[in-house]
Every structure is written in C-alpha cells, then in structure tokens.
Amino acid sequence: MLDMRRLQCLQAVHVHGSVLDAALELGLTSSAVSQQISKLEREVDARLLERAGRGVVLTDAARILVEAADEISAVNDRAVARLEDLRHDLSGTLRVASFPSVIGPFVAPALAELRDEAPGLEVRLHEMFPDRAHDAVLGGHVDVAVIHLWGDAMPTATRGFTSTAVGDDPIEVLVPAAHPLAGRPEVSLDELVDDVWVTDDLEGFCRNWLIRRMSAAGRRPRIHHLVDEIAGQLALVSAGLCNALLPRIAYGELPPTIRALPLTGVTPFRRLHLVYRESSAARPGVRRFIEQLHSRVSTSWTQTGR
C-alpha cells in the first residue's frame, strides 16, 4: 500500500515545480521531502523526478501517482463531507488561505462568526498571496482560498476544482486633502499628469496600469517614490508629497488628511474569488464559510456604495 505522506510530498512538488517550494508549503525541510520521494521511488521501483533547470519535472510514473493522490484526496473529502452531513452540524477543521488586505474586513469576522455558531468547528487561517493560496488548494493543504485576480481574468481551470466570484474591488486615486481636486466626486487621470506619485517597487498591476495609461497619452508618470508597504504609501500621501493608486479594500479607513477619488472612464479593478475543491464543496464548514464571505462582502459594499 502506498504511503500517503510520500504521495503528498510528490503532489506538492508537482504543484510547486520544485522540492524547495514544496517543502515550504508542507512545513518540512528540502532534505525531508527528498527523502520521502526517494523512499517512494524505491517503493514503486521507478524514477519519479527529473531535473529541469532550477526545478524538477515529474516522470510518467510520477504523474500516475499524482493522479492517484488526487483521487484519494477527493474520496477523503467526500467521506468527510458525508460524515459532517450525517452529524448535521459544523465540526471538524476548516483551513482557509487568504491574501492580507481582505483578512481584516471580511475573512476574520466570517471565521469569528463561524466559531461562535459552531464551537465544534476548528478554524485555521494561513495568510498567503493569491498564487501560493491557489496552489495550496490544489495541493490539498487548505480547504478554501480567498484570492484576487485583476480585471476579468479567471482562476486557472483545473480538473476537480472550482471557483466563485465574490465581488469587484475598484482601484482609486488617493490624493492629499489639500490637493486642488480633493473635493471632486471623481477625477480623470488626464487631470493628474503633472502630479507626483508613489507606487510599489515590484512593478505590480497599479504601477504598470498607471504607466500604460499615461504613456498612451504621451506622458510619463512622475513616480518619485517606490514603497511596497501600503502604510508607507499612505504616509507619503498624508504628508502631501504625492498621490497613490490603490485598491479600495487595500487602503481601508482613511485619515482626514487623504481623499479617495474614483476614476472616470474605464476603472481598473481586481475581482475577489473563492477557490476550493469540488469534492469538499459539500462540507458544511466550507459551504457556511462561502455563504458568510459572500454576505459580508455584498453587505459591506452595498452600505458603502461600492
């Protein structure tokens, strides 16, 4: 009989493309993951990994084992769901992954209400950025992930997994309260071509969108400040040094020294998605968390006019 722990290690390598990243996801050392896979190779008498640049690729034998591991995980999920339905209560363990800025306003309150509603349900949250959270669901390390994608992009279609769109998070311009346009209900990017900006230093979506839009008009944005942390960007805007371009959820409540202005025309946005395995969708805890998050997002954005 195949050892499930070894299969899980191989499955993680398949998802992440390297032994190091698989080890980080599993909370193990690289040598421990390598040892488990070596034992699995001896167990099935076949080579499972081949070097490919800095990473590894799976052999045909390994792909057969990964498919088997996926099927075993699906059977396990269905069994857990049936047992939980049989008890007619929320119990067991719910493992959630979420990107940072949505935890405070939505994920944490949803998990707290679940805990109060069902003391027998153990909730666990792991902060992860979207790419890693998506992979964590694929690898069976979390039950449901809250991710975001820019615009109309959809999560990668993978057999046995599904996603649900929760809502759209618009990108807005943040300006100092003393800015000449701060009292406007909305603003055009063309009116801000001479302003100074702060963006992240990672060439993320907001920075690239700003550069593309202004370049199309024959201008180059005056990005004088590169700050990755949102708190640092807000501090610069609050001090009257620049403007920022941020998703509405990311900046949260603003001090009186900053004004948020929606953009006219085509507004960039990021869409929130829930990603989970089809086999675990019937679990009461997963279903209830999805309902809770939908409710909280829709209620919050309705109240704020979003």
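Reference entry: report on the structure contained in this document. Along every chain, residues carry numbers that run from 1 in the direction the sequence is written. Two thresholds apply to this predicted model, a pLDDT of at least 70 for residue-level local features and 80 or more for giving and counting side-chain atom pairs, whereas whole-chain, interface and lining totals are computed over all residues. To get the side-chain values, all heavy atoms of the structure are used, and hydrogens and water are removed first.

Time to look at the overall build of the chain. Here a strand is any run of E in DSSP of at least two residues, a helix any run of H or I of at least four, and the numbering for each starts at the N terminus. When its secondary structure is counted, the chain shows ten helices and eleven strands. The buried label applies to any residue whose accessible area, calculated with a 1.4 Å probe on protein chains only, is under 20% of its type's maximum; exposed applies above 50%, and partly exposed to all values in between. Among the 306 residues that make up the chain, the fraction classed as buried is 45%. Here, residues are in contact when the closest pair of their heavy atoms is within 4.5 Å. For the chain, restricting intrachain contacts to residue pairs at least 6 apart in sequence, the fraction spanning at least 24 positions comes to 74%. For the accessible areas, the method is Shrake-Rupley and the probe is 1.4 Å, while residue cover comes only from the protein chains on display. Accessible surface for the chain amounts to roughly 15,300 Å². Of this, 52% is attributable to carbon and sulfur atoms. For this count, His and the chain ends are skipped, Lys and Arg are scored as positive, and Asp and Glu as negative. Here the site of a charge means NZ on Lys, CZ on Arg, CG on Asp, or CD on Glu. Counting 33 positive and 40 negative side-chain charges, the chain places the averaged centre of each group 1 Å from the other.

Right, let's get into the packing of aromatic side chains. Side-chain rings of Phe, Tyr and Trp (the six-membered ring for Trp) are treated as a pair once their centres are within 6.5 Å; stacked means planes under 30 degrees apart, edge-to-face means over 60, and tilted covers the remaining angles. Scanning all chains against the criterion turns up one aromatic pair. Plain terms: the ring middles of W150 and F205 are 4.2 Å apart, the flat faces sit at 5° to each other, and that makes the pair stacked. Separated by 55 residues along the polypeptide, W150 in strand β5 (residues 144-150) and F205 in helix α7 (residues 205-216) bring together distant segments of the chain. When its relative accessible area of 24% is taken as the criterion, F205 is described as partly exposed.

With that out of the way, let us pick up the packing of helix α1 (residues 4-16) against helix α3 (residues 30-44). For helices, the fitted line uses only the C-alpha atoms of the stretch in contact; every axis is such a line through C-alpha atoms, and the angle between N-to-C directions lies from 0 to 180 degrees. It is at 9 Å that the axes of α1 and α3 come closest, and there the two elements cross at 115°. By the angle between their directions, the pair α1 and α3 is classed as roughly perpendicular. In this structure, α1 crosses over α3, and the sense of that crossing is left-handed. Of the residues in α3, those in contact with R5, R6, L7, C9, L10 and V13 of α1 are V33, Q36, I37, K39, L40 and E43. Within the contact of α1 with α3, the residues separate by chemical class into seven nonpolar, one polar and four charged. Relative orientations are named as follows: roughly parallel for angles under 35 degrees, roughly antiparallel for angles over 145 degrees, roughly perpendicular for angles from 65 to 115 degrees, and oblique for any other angle. Each crossing gets its handedness from the near helix: less than a right angle anticlockwise from the far helix is left-handed, clockwise is right-handed. Residues are grouped as follows: Ala, Val, Leu, Ile, Met, Phe, Trp, Tyr, Cys and Pro are nonpolar; Asp, Glu, Lys and Arg are charged; all remaining types, including Gly, are polar.

In helix packing, the relevant descriptors are the interaxial angle and the interaxial distance, both defined with respect to the helix axes. Look at α1 against helix α2 (residues 19-26): their axes get within 8 Å of each other, and the N-to-C directions meet at 120°. By the angle between their directions, the pair α1 and α2 is classed as oblique. Handedness of the crossing formed by α1 with α2: right-handed. Of α2, the residues touching α1 (which contributes R5, Q8, C9, A12, V13 and H16) are V19, D21, A22, E25 and L26. The residue inventory of the contact of α1 with α2, partitioned by class, reads six nonpolar, two polar and three charged.

Where burial is concerned, most of β5 is hidden: five out of the seven residues are buried. Note that strand β3 (residues 92-98) and β5 share three bridges and pair parallel. Residue pairing for β5: S98 is matched across the bridge by V146. When β5 meets strand β11 (residues 269-277), the two strands line up antiparallel, connected through seven bridges. Across the sheet, residue V144 finds its bridge partner in β11, namely Y276. Two strands make a pair as long as DSSP finds a minimum of two bridges between them.

Let us now look at the pattern of salt bridges. When their charged atoms lie close together, side chains carrying opposite charge are able to pair. Only one rule defines a salt bridge in this text: a Lys or Arg side-chain nitrogen within 4 Å of an Asp or Glu carboxyl oxygen. According to the stated counting rule, one finds 13 salt bridges in the structure shown. With a shortest N-O distance of 3.2 Å, E43 and R6 are connected by a salt bridge. You can see E43 sitting in helix α3 and its partner R6 sitting in helix α1, a full 37 residues away along the chain. With a shortest N-O distance of 3.3 Å, R115 and D116 are connected by a salt bridge.

Here we come to the nonpolar core. Residues belong to one nonpolar core when they are buried, are Ala, Val, Leu, Ile, Met, Phe, Trp, Tyr or Cys, and are joined through side-chain atoms within 4.5 Å. Ranked by internal contacts, the top residues of the largest apolar core, which has 23 residues, are L94, V102, V107, V146, L274, F289 and L293. Among the elements of the structure, β3, α5 (100-117), β5, β11 and α10 (284-303) are those that each provide at least two residues to this core. Per element, the largest residue contribution to this core is six residues, and it comes from α5. Contacts of L274, omitting those with residues within four sequence positions, involve V144, A145, V146, T162, S163, T164, V166, F289, I290 and L293. If you look at the next biggest cluster of nonpolar residues, it comprises 20 residues, including C9, L40, L48 and L58.

Another aspect to go through is the environment of A32. Relative to the helices and strands, A32 is located in helix α3. Of the residues examined, A32 reaches a relative accessible area of 22% and is grouped as partly exposed. Between the C-alpha atoms of A32 and C9, which are 23 residues apart in sequence, the distance is 9.3 Å.

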